[in-house]
Every structure is written in structure tokens, then in C-alpha cells.
Amino acid sequence: MDFLENLSRQLEDIRLDGTIVRSQFPCPRSVLRYLNYQESVNNPSNLTNASNFENGINVEDTPESPSRMRTKKRFKRRQKRKIKSSFEKPNVNPNEQNRSTTNTIEPISNHKDFYHDYMQLDDVKKGLESGELFEGYIRISQKCPTEAYVPSPDKSKDILLNGIKSRNRALDGDKVVVKIQDKSNWRNPDTEDCQRTGYVVYITNSKENRIVVGSLLVDRGIVHRYSTLIPRDCRIPRLLVDTSTWPFPIDLRDGTKESKDLFYAVLSRWDNYKIPIGILKGVLGESGKINAETEGILIAHDIQEHPYPEDIDKYFPPSFSVEEELKHRQDFRKHCIFSIDPPTAKDLDDALSCVLLLNGNYEIGIHISDVTYFVMQGTPLDEIAEKLATSVYLIQKVYHMLPPALTMMASLLPGTDKLAVSITLEMTPDANVISHSFSQSIIHSCAQLHYAHAQIFLENPDKKDWDESEFPTVYNGYTISDCATAVSHLHKLAAVMRERRFSSGALAINQPKLSFEIDRATCEPLSYSLYTLHESNWLIEEFMLLANTMVAEHLKTHFPTTAMLRNHQAPDVAPMEKAVKLLKTHDIDIDFTSAGSIQKSKAVYCQDENSKNSHWDIIINNILSKPMVRAEYCVIDPDRNMSHFALNVPYYTHFTSPIRRYPDIVVHRLLISWLTNKPIKEYEDPKVIEKIAINSNDRKNNAKKASEASAEIYAACLIGKLGGLEVDAAIMEIKENYFEATVLSMNMNVRVYVNISHNNPDLLHKISKFLIFDNKPTLVIWWDIKGFNKQTLQLFDKVKLKLLKRENCLKLRAILIRDE
């Protein structure tokens, strides 16, 4: 047996070239027969190869004797009979076609009967009716992938699915049916921190053909044709993929079995085994390179680079005739209208105008691009836009929802006539709306201002002699001074509106956004900064919020069963209580009975930028944002609370960005159908609106995750180029073996491990200990063996970190360093 063990270890080094294995040393037939027999027992798909390789010769190239062929056939029949009696086909979730069970048994590492069989559908229905079972969407923890959660049916603390067995092959975002475990299995039973646990008994709905991006771990053993795909997303399990038929060489990193390149595969099947089966689909490029990693982000989040066919322009409408359009549109072309956007913006959805009336009031125009003219309902163009649902913003590129040419046609560029849908308001100096109207319109924007330009106007309210050369070209007979005057009027109204909104109970949890300066030739980062919001940003925000709210109220009245709304539910009580309790231990009292109470409570602890506690606002916002639920698109439902929690308004929708959001196009169509008295038959069915809303929510969520992932890989790339970066950070969570911290200069969260182990060989401290001190989670760090140099870490503490790029990938590692 010692000889056999040594030989099997040598066999692991045999190279696999396509489907042909060539041994570089002689191997006894008895050993090969033994090894092939063991593999065949556990993998009948390899039965046909049970005697293929002897003495390193490919049998397909060598004629066999009749007696040898008969022996092989008898051997195969015996093994098939054994396997047939040993394995039975388990129950299959009828809705899980992509995870259906087959009779093929995978390699020995892919343990059979690892998971419980799914319940039968009839039993599931009975359990849901009786309350013994409940249904919800599963959420797998990014920080601890062995833990997953499903919202509790009674809105209390989420139900914990502890361990991958409890998930029973469910993936993040799947709709699952869960059964609560016995109390003895709960976490912290009979304590105030008690959390019920459960397990998945059925999967109601799952995304088909999930694409998984990762590196290959290639097994070079003589009898293994499978390799392991290690996903970039830790919430996705490893996949077994067949690489024996992969047509190209798989380059490995020196001294490892891991591929140099990133690959992607489809999770094709997950039977009752520990590890699912994937089908290898393609290679993206070298791991750790910006382009390859970005391709991985796009594929993993189902974002297409080129979603439109080349001939999509045949569905573009002809150029509009001003004379024809004015028959049913209002003419605003003589007004001083301008847009205010970031300098890189191409999709100019909105523009504003402001005129001081003789009675002292203001006539405000909120003009939104009329995309419905360019995207005709029911055309292939419309169908693709509906599927895409949103534009996607990565660091180096924008993937527009509409074809780029159409985006430019619809954008409210200055100096040319454009089609719009307008809201005209008369407002008093104290920002009360005394009248309003909706209309289709034609506008002629006079300037494309940037936020920086508007900010200069606000910071110099009395200046009249503006240098025109320092600003964009102004058209239509207006001047920069005219724009500055209008911006000043709008700002005064916006300031009143903003103060009133928050005093009335609105909540804002602002998170500064990380931005990068990049080399446009190589797309690599040059520097980073936090994008700071100024008063000019708030000016635009207030008028867009007002427009969206007014349109939502209008749709609620005129489309009481089919209006598309933007709903934001209150946070779940249990996680919010946990967050508030944590803050309370640090003498921070948060009243979470309403959005307004949260806003007022946290405002007490916001410090001046020059204060030593200026980071408190960032940490408090990060902690309070975790229990918040995502706002979602939905069809109006008279039996549901349709309010927007954070904005504290009864109805809200998205109307102001139709170039980059498909729900806004739907809202425009509904509003225009009311204006023209031309009902849209398809939109009279609430299920049609609901279907659009569900897809839009999914796409918006994917776009958000892709944007965040893009920022993360750019941060890792830049820090790698710098050879590491020392930063100030503030602690936002303490655990036994690590703490979570926010890098203050980047507003980026990192996990910092402190446990001394072989997995963390580069830690600089010598000892760490977790304890509860004064009801506060605490880590004690010793920087020397004798214990003289000690550092205590708690929530809100500032720390010094060294950020490093991980080897061979664009991920960061953070190490605690001593703050001298």
C-alpha cells in the first residue's frame, strides 16, 4: 500500500493534454485497474474510460484483442449494476430545471446525498397554508458566506440559514421556502440576542443559467477530467467543470495549480451533491488586469457590452418637424433654459428654467427629455431597452440603456430644438406651489452648465461682469449673467424646499462617492478622490424630487390600478434595533420610530469637518444604512402601503431620467396617454407594469453592484501601482477575529483580520484578544510578546491601516499598523 500511495502521488503530476493522457513513467496494469475501478465506482460517466490508459499509451491509438474487449464489457456491466443499486434519483424541485437531477454521478469529491431532498410541491403548498413553512428571498452574507438570511414572516429578526447545508443549493436572490428548526438549534436561544434558524425545503424561483466568473484550479491526476472554478464572488459555491475537452492550453501560475486567466462558466446543474456542475464557456484574460476584471464584472452581473444589433437604427424615428409637433406641444424655445450636470455627462435628461413674475412669484420650468418619441412602444428597440432597464456606470465607461446615437438624439443638448415633457410651476418666494401643469413641449436649451459653474454663481451672488470665456457657450441670445441670475433664484427656492423637507420628516443617509482620474489610453487609474456634493447638486436634487413626487400623485389619481411607483419600505425592526443598541453603548441615542426621527437623532452627533470626531457622521451613516431596505419599482396597490419611507411622501415615482431608466419611459407614456387622451392598452393590465418593475429592480441592483465592484478593482489597481498605501480609518464593527473599518479618504469599507494564524502571516502585532468591556465589543492588540505595548480597539476608534493589493487579483488586503 505504501508503494500504491507513492505511485498515486506521482500520478497527480501527469499532464492532461485534451482527452489524451500520457504517463512519463511505466505504471503496473494492476495499479491502473485499481485506480480506474475506484474512479468508476464513484463516477460512472468515466466507465467508458475504465481501462483506457495502460503504460501511458492512449488506447484509442492501439488495437485491442477480442478477449480484452470482452473483459472490458463485463467489467462495465458489473459496475453499472453496482451503481444502479447504490444510487437512486432524488426528488427534484419541478421549478429548478437548471438544477435537475440526472443519473450521472460526478467525481468522488462531489459527495452524493450531501443535501436534503426537496419537498414535493403539494406538501409545500400545504405547509405554506398552515404556516408551518414560509416563503422569502434568500440573502447570503458577503462577509460570511456560510451564513444566509431570509426575512421573517412576522417582520422580526431575519431567519438565519446557518451553513451551506441549510441553504440546500439555494443561491443569493433565490425565492425559497423555509422551515424553522427546533429551538435547540437556534442561535443564542433564551437570550435577548436569540435568532431563529431554518433550512430550505424548496426553491420557488431561481435565476437560470447563472454565470460564474473565477479562476481554475486544475487537477492533473490521471483519472480526473474535472477542474474546479473558484468564483470571484464568495457567495457562489465552487463549480466542477470539465476541462478535458477545453480546446486551448490552460496556463498555470508558476508553482501552483491555479490558472493565470479568468474564466467564466454557466452553473448548469446542481444535483444532490455538495458541489454543483458548471459548463466552461470562455476565458476573459489575465487575472488582475483591469480589462479582464471588468469583463468579469459585466458577465457576472449580466451586463451586455453590445446589446443592440448593428441595424438598430432602422427603428429610430425620422427627424421631427417643429411645425407638426407644435400642433400638440407647448413652445418654450424662447425661455432661458439650461442643464446642470457633471462635466462628463452625455445623457442630458433634464433642464430647468426660472422667470421672476411681476407679482413676485416665480415661473419654474422642469423640462425632461421626451424619450417616448424616440423609443416607439413594441418595437425591437423598445423590447431591448425594456430588458436592459438601466444604464450602467463603471469607472472607465458608461453602458447606455439606449443606443449611443439615440442617446445623443434625445439628450437636451444646447443650441438646438429638442422634444420634452415639461412641468410648469408657479411658486411663491417661500417655495409654495400655487399652480402647476403638465405638457409635451419643445425647448431650446441655451447652455450645458456643470455643477462647478453653478457653484461659482452661488458663491458670487452679486457678481455681474462674468468672463464669458470661462464658461460654456451660451445660445439663444442669452448670456452667462442671465444663467447666473436664474441659478440664484432656483437656489433660494431649493434651500427653502430642502429645509422644509427635512423638518417635515425626510431622511438622508449620504455616502460620499469614490471617483478616479484615469488614463484614457490604458484605462488605468492615476489618482482618486471623494466626490463632494455642493449646494449646486442639492439645487438640482430638490427640483427633481419635486417633479417625481408631483407626477406620482398625478398617476395615483388617474391610473389608480396601473401607476408605476417607486416604493421604499421602513427598515425591518430587528436589525434596526440591533444597530441602535450598538450605537447606544457609545452614548449615541437614535430614535428610529420614523425617518424624520432618525434624521434628527443622528444630526445631533454630526461634527464640524475640522472636529476630531468628524468621522462620526460617516460611521453612523454606515451603521444605520445596513438595516435599510432597498427602494423598489412596483405597480400601485391600494391594499399596500405605497409610501416612500426616506422621503416621507405618500407616493413617489421616477420621471426625470428616461434616457437612462426604463421605468421613467413607462411613467412618461402613462402621463402622455392622459395628456393626449389615448389609452395604452398594454398598460391597462397591472401584471404588465409589475413585470417591468420586477425586471427593472433586478437590473438596477445588478448595475449598482457592478458599479461598486468597478470602484473596488480600480482602488486595488491604484494601490498596487503605489506598492501599498497607509491610510486613516475608523472602526465600524468589531468581531472576534477581525474588525470592519471605513477608509476615511475613500469612504470604502475593508475587513482587517487580527487573529494570528497561517492565513495571516504578515500581521505586525503579536497577540489579539476579543472581549466585552463595558458592554462594548473590544479588541485588545499587543504589539510585543511581553505585553507592554497595548492598543484597545472599539467602535468609532481611528486606526492606521496599510492597504495592499492581493497577489494575482484586484482585491485589497488591509493590515493594522501601529500608530506612532
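If you're wondering where the values come from, they're calculated on a predicted model, not measured in any experiment. (Residues numbered from 1 in each chain as written. Predicted model: local features only at pLDDT ≥ 70, side-chain atom pairs only at ≥ 80, totals over all residues. Heavy atoms only, no water.)

(A) Layout of the side chain of Arg 813. You can see Arg 813 is positioned in strand β36 (residues 812-817). Polar side-chain contacts of Arg 813 include one of 2.6 Å to the side chain of Asp 762. The contacts of Arg 813, once residues within four sequence positions are left out, are Asn 760, Asp 762, Leu 763, Lys 802, Leu 803, Leu 804 and Arg 806. (Helix = DSSP H or I, 4+ residues; strand = E, 2+ residues; numbered from the N terminus. Polar contact = N/O pair within 3.5 Å; in protein donor to acceptor, adjacent residues only side chain to side chain. Contact = heavy atoms within 4.5 Å.)

(B) Representation of unusual backbone geometry in the model. Unlike most non-glycine residues, Ala 389 shows phi in positive territory, near 70 degrees. Relative to the elements of secondary structure, Ala 389 occurs in the loop between α8 (380-388) and β20 (392-393). Exposure remark for Ala 389: the relative accessible area of 3% places this residue in the buried category. The phi dihedral of Cys 523 is positive, around 65 degrees, even though this residue is not glycine. Tracing the backbone through its elements, the reader meets Cys 523 in the loop between β25 (513-518) and β26 (525-531). (Buried < 20%, exposed > 50% of the residue type's maximum accessible area, 1.4 Å probe, protein only.)

(C) Molecular detail of the confidence of the model for the protein chain. Taken residue by residue, the protein chain gives an average pLDDT of 85. The fraction at 70 or more is 85%. For residues 1-68, every residue scores under 50 in pLDDT, and the model assigns this stretch 104 contacts once sequence neighbours within four places are set aside. Contacts for the low-pLDDT stretch residues 78-106, under 50 throughout, to residues beyond four places or in other chains number 75 contacts. (pLDDT = per-residue confidence, 0-100.)

(D) Local environment of a negative patch on the surface. On the surface, a cluster of negative charge is made up of Asp 467, Glu 468, Glu 470 and Asp 482. Mapping Glu 470 onto the fold places it in the loop between α10 (451-459) and α11 (480-503). Judged by relative accessible area, Glu 470 falls into the exposed class, the value being 54%. (Patch = residues over 30% accessible without salt bridge, like charges linked within 9 Å, V, L, I, M, F, W, Y side chains within 5 Å. Areas by Shrake-Rupley, 256 points an atom, 1.4 Å probe, with all protein chains shown as cover. Salt bridge = Lys/Arg side-chain N within 4 Å of Asp/Glu carboxyl O. Lys, Arg positive; Asp, Glu negative; His and termini not counted. Charge placed at Lys NZ, Arg CZ, Asp CG, Glu CD.)

(E) Representation of the sheet that holds strand β7 (residues 147-150). With respect to topology, three strands assemble into an open sheet ordered β6-β7-β8, the strand pairing being antiparallel. Each edge of the sheet is formed by a strand with only one pairing partner; in this case those strands are β6 (139-140) and β8 (159-162). (Pairing = 2+ DSSP bridges.)

(F) Region of interest: helix α12 (residues 535-558). The terminal C-alpha atoms of α12, which comprises 24 residues, lie 35 Å apart, in line with the 34 Å expected from a rise of 1.5 Å per residue. The element α12 is extensively covered by neighbouring structure, given that 17 of its 24 residues are classed as buried. (Expected span 1.5 Å × (residues − 1).)

(G) Representation of the packing of α10 against α12. The contact between α10 and α12 brings their axes to 8 Å, and the two run at 105 degrees. Our classification of the angle between α10 and α12 gives roughly perpendicular. When α10 is examined against α12, the residues Tyr 451, Ala 454, Gln 455 and Leu 458 are found in contact with a partner set consisting of Glu 535, Ser 536, Asn 537 and Ile 540. (Axes fitted to C-alpha atoms, helices over the stretch in contact; angles between N-to-C directions. Parallel < 35°, antiparallel > 145°, perpendicular 65-115°, else oblique.)

(H) Inspection of the environment of Leu 394 at higher detail. Looking at the secondary structure, you find Leu 394 in the loop between β20 and β21 (398-399). Overall, Leu 394 belongs to the buried group, its relative accessible area being 7%. Remark: the alpha-carbon pair of Leu 394 and Thr 294, spanning 100 residues in sequence, is separated by 8.7 Å. Those residues within four positions of Leu 394 in sequence are excluded, and the remaining contacts are Thr 294, Leu 298, Tyr 399, Ala 706, Ser 707 and Ser 710.

(I) Structural detail: the packing of aromatic side chains. Enumeration over the complete set of coordinates arrives at twelve aromatic pairs. By the ring-pair criterion, three or more aromatic residues cluster together here, those being Phe 114, Tyr 115 and Trp 270. If you follow Lys 165 out to its NZ or CZ, it ends over the ring of Phe 114, 4.7 Å from the centre. Taking the ring centre of Trp 538 as reference, the NZ or CZ of Arg 498 above it sits at 4.4 Å. (Phe/Tyr/Trp six-rings, centres within 6.5 Å; stacked < 30°, edge-to-face > 60°. Lys NZ or Arg CZ within 6 Å of the ring centre and 35° of its normal.)

(J) Inspection of the sheet that holds β36 at higher detail. Within the open sheet, the five strands sit side by side as β31-β30-β29-β35-β36. Their pairing is antiparallel. Only two strands of the sheet have a single partner each, and these edge strands are β31 (748-753) and β36. Between one strand axis and the next, the sheet turns through 45 degrees on average, direction left out of account. Bridging between strand β30 (residues 738-743) and β31 involves six bridges; their strand directions are antiparallel. What sits directly across from Glu 740, in β31, is Arg 751. Across the sheet, helix α15 (residues 616-625) is in contact with β29 (725-734), β30 and β31; its angle to β29 comes to roughly 50 degrees. Along the sheet, helix α17 (residues 686-722) makes contact with β29, β31, β35 (798-805) and β36, crossing β35 at roughly 85 degrees.

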